[in-house]
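As a plain string of letters, each chain reads:
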Amino acid sequence: KGMKQRVGFAQALCGDPQLLLLDEPTAGFDPTQAADFRPLVRSLANTHTVVVSSHILSEIEAMCDRVCIMKSGRVVYDQPVHPVNGATGSAIRLVIGGRNAAFLPSLRLLPSVRKVTLLDADAPDQLAVLAAVDDTHAFGRELATLVSGMELSILSLTPVERTLEDIFLNVSRADQLPTGVCVS
């Protein structure tokens, strides 16, 4: 099947089209063929518009610059695959040493914070949270001011990578999965 895919792709390129629509382009490829194919698609994006439709999210991440997730015929997510400088927000795991009942409500009120989720801490005198933030630099400044004013200490501050799978699962529902599409 992989060879048929490659021949079909070669046929599609014969007319030097401006737009290439690729539906599950690596289906049937062995790992070596798929690895060789990805840079080809990326290089074609320099001179062609390439649209890839796939449910293999690692392929989307490897081949595409932008991802659009559609659900019921409408776009529900449209962002660069690898956002620059946290442009679409970031998640940060934060562990605080000490206890202060006002810390959690105050953290939630910081301008850069969108959402705070309480996590299990490693010790009773610690507080662990996952903070979804719009701007990591602003969050760092705001957090430093907050914890110093409450005489708490930051034990760890770890960025949490959001994968394309996390994003896909976040915007989809189990009963009605959207279709993943990317444009290079």
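Each residue is numbered by its place in its chain's sequence as written, counting from 1. Local features are withheld for residues below a pLDDT of 70 in this predicted model, meaning they are given only at 70 or higher, and side-chain atom pairs are given and counted only at 80 or more; totals for whole chains, interfaces and linings count all residues. Hydrogen atoms and water are omitted, and side-chain values are computed over all heavy atoms in the structure.

A word on the side chain of Glu59
Inclusion rule: Under the scheme used here, helices are H or I runs from DSSP no shorter than 4 residues and strands are E runs no shorter than 2 residues, and both carry numbers assigned from the N terminus. Relative accessibility decides the category of a residue: with a 1.4 Å probe and only protein chains considered, values under 20% of the type maximum give buried, values over 50% give exposed, and everything between is partly exposed. Here, residues are in contact when the closest pair of their heavy atoms is within 4.5 Å.
If you trace the backbone, Glu59 turns up in helix H3 (residues 57-63). Under the relative-accessibility criterion, Glu59 is labelled buried at 7%. Sequence-distant contacts of Glu59, that is, excluding residues within four places in its chain, are made with Thr26, Ala34 and Arg38.

Brief notes about the layout of surface pockets
To be explicit about the condition: Both site types are read off a 1 Å grid over the protein atoms alone. A 1.4 Å probe that fits but cannot get out defines a cavity, while an open set with protein on both sides within 12 Å along at least five of seven lines defines a pocket; lining residues have an atom within 4 Å of a point. Grid points are joined across faces, edges and corners, and a volume is the space filled by probe spheres set on the points. The classification used treats Ala, Val, Leu, Ile, Met, Phe, Trp, Tyr, Cys and Pro as nonpolar, Asp, Glu, Lys and Arg as charged, and all other residues, Gly among them, as polar.
Approximately 300 Å³ is the volume attributed to the second largest pocket. Residue lining of the second largest pocket: 13 residues in total, with Ala91, Leu130, Ala132, Arg162 and Asn170 positioned closest to the centre. Those elements giving two or more residues to the lining of the second largest pocket turn out to be strand S5 (90-97), strand S6 (113-119), strand S7 (126-133) and helix H6 (164-171). Broken down by class, the residue content of the lining of the second largest pocket amounts to five nonpolar, three polar and five charged.

Some points on the nonpolar core
Quick reminder of the rule: Among buried residues, those of type Ala, Val, Leu, Ile, Met, Phe, Trp, Tyr and Cys that are joined through side-chain atoms within 4.5 Å constitute a nonpolar core.
Core analysis: the largest hydrophobic core is formed by 22 residues, its most contacted members being Leu22, Phe37, Val41, Val50, Val52 and Val67. Listing elements by their share of this core, those giving two or more residues are strand S1 (19-23), helix H2 (31-44), strand S2 (49-53), H3, strand S3 (66-71) and H6. Counting residues per element, this core draws most heavily on H2, which supplies four residues. Formed by 19 residues, the second largest nonpolar core is a distinct cluster that contains Ile92, Leu94, Ala131 and Val133.

Structural notes on the packing of aromatic side chains
Note the cut-off: Planes of paired rings set the category: under 30 degrees apart is stacked, over 60 is edge-to-face and the rest tilted, where pairs are Phe, Tyr or Trp rings (Trp by its six-membered ring) whose centres lie within 6.5 Å.
Enumeration over the complete set of coordinates arrives at two aromatic pairs. On the numbers, 5.0 Å between centres and 70° between planes, the contact of Phe9 with Phe37 is edge-to-face. Residue Phe9 is located in helix H1 (residues 2-14), and its partner Phe37 is located in helix H2; the two are separated by 28 residues in the primary sequence. Judged by its relative accessible area of 10%, Phe9 is buried. Between the aromatic rings of Phe29 and Phe37, the centroid separation amounts to 5.4 Å while the plane-to-plane angle is 85°, which identifies the pairing as edge-to-face. Residue Phe29 shares its accessibility class with Phe37, and that shared class is buried. The structure contains a cluster of three or more aromatic residues connected by ring pairs, namely Phe9, Phe29 and Phe37.

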